[in-house]
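Residues per chain are reported as follows:
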Protein chains: 2
Amino acid sequence: MDDEAAETRPAGRRRRGAALVAAIHDAAIAEVLEVGLGRMTMEGIARRAGAAKTSLYRRWTSPHDLLLDALRDAFPQEVPSPASDDLRGDLIEALRQMVGWMGSPQARAVAAIMTERDRHPGLAEALFERVFEPRGGRFTRTVLRHYAACGAIDGALVTPVVADIGEALVIKYFTDTGVPPDDDTITAIVDQAVLPAVGAPLGR
Amino acid sequence: MDDEAAETRPAGRRRRGAALVAAIHDAAIAEVLEVGLGRMTMEGIARRAGAAKTSLYRRWTSPHDLLLDALRDAFPQEVPSPASDDLRGDLIEALRQMVGWMGSPQARAVAAIMTERDRHPGLAEALFERVFEPRGGRFTRTVLRHYAACGAIDGALVTPVVADIGEALVIKYFTDTGVPPDDDTITAIVDQAVLPAVGAPLGR
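How each quantity is defined
- Residues numbered from 1 in each chain as written.
- Chains lettered and ligands numbered in written order.
- Predicted model: local features only at pLDDT ≥ 70, side-chain atom pairs only at ≥ 80, totals over all residues.
- Heavy atoms only, no water.
- UniProt positions renumbered as here; feature names shortened; annotations may be inferred.
- Helix = DSSP H or I, 4+ residues; strand = E, 2+ residues; numbered from the N terminus.
- Contact = heavy atoms within 4.5 Å.
- Buried area = accessible area lost by both parts, 1.4 Å probe.
- Salt bridge = Lys/Arg side-chain N within 4 Å of Asp/Glu carboxyl O.
- Polar contact = N/O pair within 3.5 Å; in protein donor to acceptor, adjacent residues only side chain to side chain.
- Nonpolar A, V, L, I, M, F, W, Y, C, P; charged D, E, K, R; others polar.
- 1 Å grid on protein atoms, 1.4 Å probe; cavity = no way out; pocket = protein on both sides within 12 Å on 5 of 7 lines; lining within 4 Å.
- Points joined across faces, edges and corners; volume = space filled by probe spheres on them.
- Least-squares fit on C-alpha atoms with pLDDT ≥ 70 in both.
- Axes fitted to C-alpha atoms, helices over the stretch in contact; angles between N-to-C directions.
- Parallel < 35°, antiparallel > 145°, perpendicular 65-115°, else oblique.
- Left-handed = near helix turned anticlockwise from the far one by under 90°.
- Phe/Tyr/Trp six-rings, centres within 6.5 Å; stacked < 30°, edge-to-face > 60°.
- Buried < 20%, exposed > 50% of the residue type's maximum accessible area, 1.4 Å probe, protein only.
- Expected span 1.5 Å × (residues − 1).

Caption draft 1: Examining the UniProt feature "domain: HTH tetR-type" (unreviewed entry) in chain A more closely. Under the local residue numbering, the UniProt record ascribes the feature "domain: HTH tetR-type" (unreviewed entry) to residues 18-78 of chain A. Segment residues 18-78 of chain A splits into 70% helix and 0% strand. End C-alpha atoms: 23 Å apart.

What follows is the structure, encoded as structure tokens:
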């Protein structure tokens, strides 16, 4: 971020670059959770961030554009273990990352976008393109593709359905019970559903 | 339903028994979809059904009690094929039934209960106990348990996680895309996710 994007706050402390962007991102999330997708404004976000509206327009075209950047920035990226010899552990870790993220304000903002997809269809599409896809499309997919590339599992088995098993079961558990799955449940999902689908021995 | 439950409508046509109950059930679903869980009343349901409020109280204690009966009554029950020799076909059929149900007003009422579970936790619990459990708990579970009882698959593999795979992936697909899965997708879910988890050969 260049000097023009520096910001003078009422208190006089100047923030630049990453710190200012982070504050604006947080403000965008807070704004959507409080006023909703249809009523969030650049003014509202700027006020929450203690930033000038002009500095927002310099970087983002609309509140939704800004919201998508804020979501992408906070979205976790799973990383296979360096030795690439622990598919099961890496899958468990990927779903743990997902569960950790699910407790965040960002996840509630994503839920708001999905709930209102009929009213803002372009936004839901952009969520997949600009937030999920750059991070692997869905949790466990990066790990599964990595182990397929290494030859540890058959790449033909890593279909869209199979790459969705872990995420679907985590969300379902959360919806049905109202609480996120604990480590035992995550492990059961990996052992009983994900690993069998990629030809790994059935876990018990 | 006995004579006391017979109903004189403004038009003078008398309905009794099953026809009256069906009209009241439909009215309960329409009521919750229009005014919401927190504002549905016996009066409102009676008015929609063209029935007397007293005839509702004779049978149900509250609007939510009535709503649960209406949901249970319309909830599909999967049935394994008589010869019990087509696990794959029966699983596909179970998920087809689920998809058919998902397009119904009853499914929208269930979604309302799940969305508002924080405000009405007892109702969400009762939904599982009084509607889902009597129908097998979730789609594909009755079929899987049946084939396990026949010895076609290992019963130890029909865990809560595994019995949830089909339903979780159908819901996830619907949430992500905004449309219910078509037959090809249902078949892929059964071949690539459900069957491998119960030790059936991997489908491609």
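Caption draft 2: Spatial organisation of the interface of chain B and chain A. Tallying the contact residues gives 30 residues for chain B and 30 residues for chain A. Interface of chain B and chain A: buried area, both sides summed, is about 2,300 Å²; carbon and sulfur atoms make up 64% of it. Three residues, Val161(B), Lys172(B) and Gln192(B), lead the burial of chain B against chain A; their summed loss comes to 24% of the area buried on that side. Seen at the junction of chain B and chain A, the total is 6 salt bridges. For Asp176(B), the salt bridge identified is with Arg138(A), shortest N-O distance 3.2 Å. Summed over the shared surface of chain B and chain A, the result is 12 residue pairs in polar contact (both at pLDDT 80 or more). Secondary structure elements with two or more residues in the side of chain B that touches chain A: helix 9 (160-163), helix 10 (165-177) and helix 11 (183-197) of chain B. At 9 residues, the largest contribution of residues to the side of chain B that touches chain A is made by helix 10 of chain B. The residue inventory of the side of chain B that touches chain A, partitioned by class, reads 16 nonpolar, 6 polar and 8 charged.

Caption draft 3: The environment of Ala46(B), seen in detail. Residue and element names in this part refer to chain B. Within the fold, alanine 46 resides in helix 2 (residues 42-49). Each C-alpha atom, one on alanine 46 and one on isoleucine 24, is 7.1 Å from the other, the two residues being 22 residues apart in sequence. Not counting the four nearest positions on each side in its chain, alanine 46 is found in contact with Ala51, Ala52, Lys53 and Leu56.

Caption draft 4: Highlighting the layout of surface pockets. Within this model, the second largest pocket holds a volume of roughly 250 Å³. Lining the second largest pocket we find 14 residues, and of these Tyr173(A), Arg138(B), Pro160(B), Val161(B) and Asp164(B) sit closest to its centre. Listing elements by their share of the lining of the second largest pocket, those giving two or more residues are helix 9 (160-177) and helix 10 (183-197) of chain A together with helix 9 of chain B. Take the lining of the second largest pocket: its biggest share by element is 5 residues, from helix 9 of chain A.

Caption draft 5: Representation of the environment of Val143(B). All names here are of chain B. Note that valine 143 resides in helix 8 (residues 141-149). When the C-alpha atoms of valine 143 and glutamate 78 are compared, they prove to be 7.2 Å apart, with 65 residues separating the residues in sequence. Apart from residues lying up to four places away in sequence, valine 143 is in contact with Glu78, Pro80, Leu87, Asp90 and Leu91.

Caption draft 6: Structural view of the relation of the copies chain B and chain A. Between chain B and chain A, the superposition needs a rotation of 180° and an axial shift of 0.0 Å, giving an RMSD of 0.0 Å. One copy is carried onto the other by what is essentially a two-fold rotation axis. Interface overlap between copies is the fraction of interface residues in one copy that are interface residues in the other; for chain B against chain A it reaches 100%, indicating a shared surface.

Caption draft 7: Structural view of empty space enclosed by the protein. All names here are of chain A. Scanning the model with the defined rule gives 1 cavity of 30 Å³ or more in all. The calculated volume of the largest cavity comes to roughly 40 Å³. Lining the largest cavity we find Phe75, Pro76, Glu78, Arg135, Gly137, Arg138, Phe139 and Glu167. Of the residues assigned to the lining of the largest cavity, the class counts are 3 nonpolar, 1 polar and 4 charged.

Caption draft 8: Molecular detail of the packing of helix 4 (residues 63-74) of chain B against helix 6 (residues 105-115) of chain B. All names here are of chain B. The contact between helix 4 and helix 6 brings their axes to 10 Å, and the two run at 130°. Looking at the two axes, helix 4 sits oblique to helix 6. Crossing geometry of helix 4 relative to helix 6 is assigned as left-handed. Residue-level contacts link Leu67, Leu71 and Ala74 of helix 4 to Gln106, Ala109, Val110 and Ile113 of helix 6. When its residues are assigned to classes, the contact of helix 4 with helix 6 shows 6 nonpolar, 1 polar and no charged.

Caption draft 9: Structural view of the packing of aromatic side chains. All names here are of chain A. As enumerated under the stated definition, the model contains 8 aromatic pairs over all chains in all. Centroid distance phenylalanine 75 to phenylalanine 139: 5.3 Å. Interplanar angle 40°. Geometry classified as tilted. Of this pair, phenylalanine 75 sits in the loop between helix 4 (63-74) and helix 5 (87-102) while phenylalanine 139 sits in the loop between helix 7 (121-132) and helix 8 (141-149), placing them 64 residues apart in sequence. For phenylalanine 139, a relative accessible area of 4% gives the class buried.

Caption draft 10: Seen up close, helix 1 (residues 17-35) of chain B. The end-to-end C-alpha separation of helix 1 of chain B is 27 Å, in line with the 27 Å expected for 19 residues at 1.5 Å each. When helix 1 of chain B is considered as a whole, its buried residues turn out to be Gly17(B), Leu20(B), Val21(B), Ile24(B), His25(B), Ala27(B), Ala28(B), Ile29(B), Glu31(B) and Val32(B).

Caption draft 11: Spotlight on unusual backbone geometry. All names here are of chain B. Look at serine 84: it is not a glycine, yet its phi comes out positive at around 55°. Looking at the secondary structure, you find serine 84 in the loop between helix 4 and helix 5 (87-102). Unusually for a residue other than glycine, threonine 140 sits at a positive phi of about 85°. For threonine 140, the location among the structural elements is in the loop between helix 7 (121-132) and helix 8.

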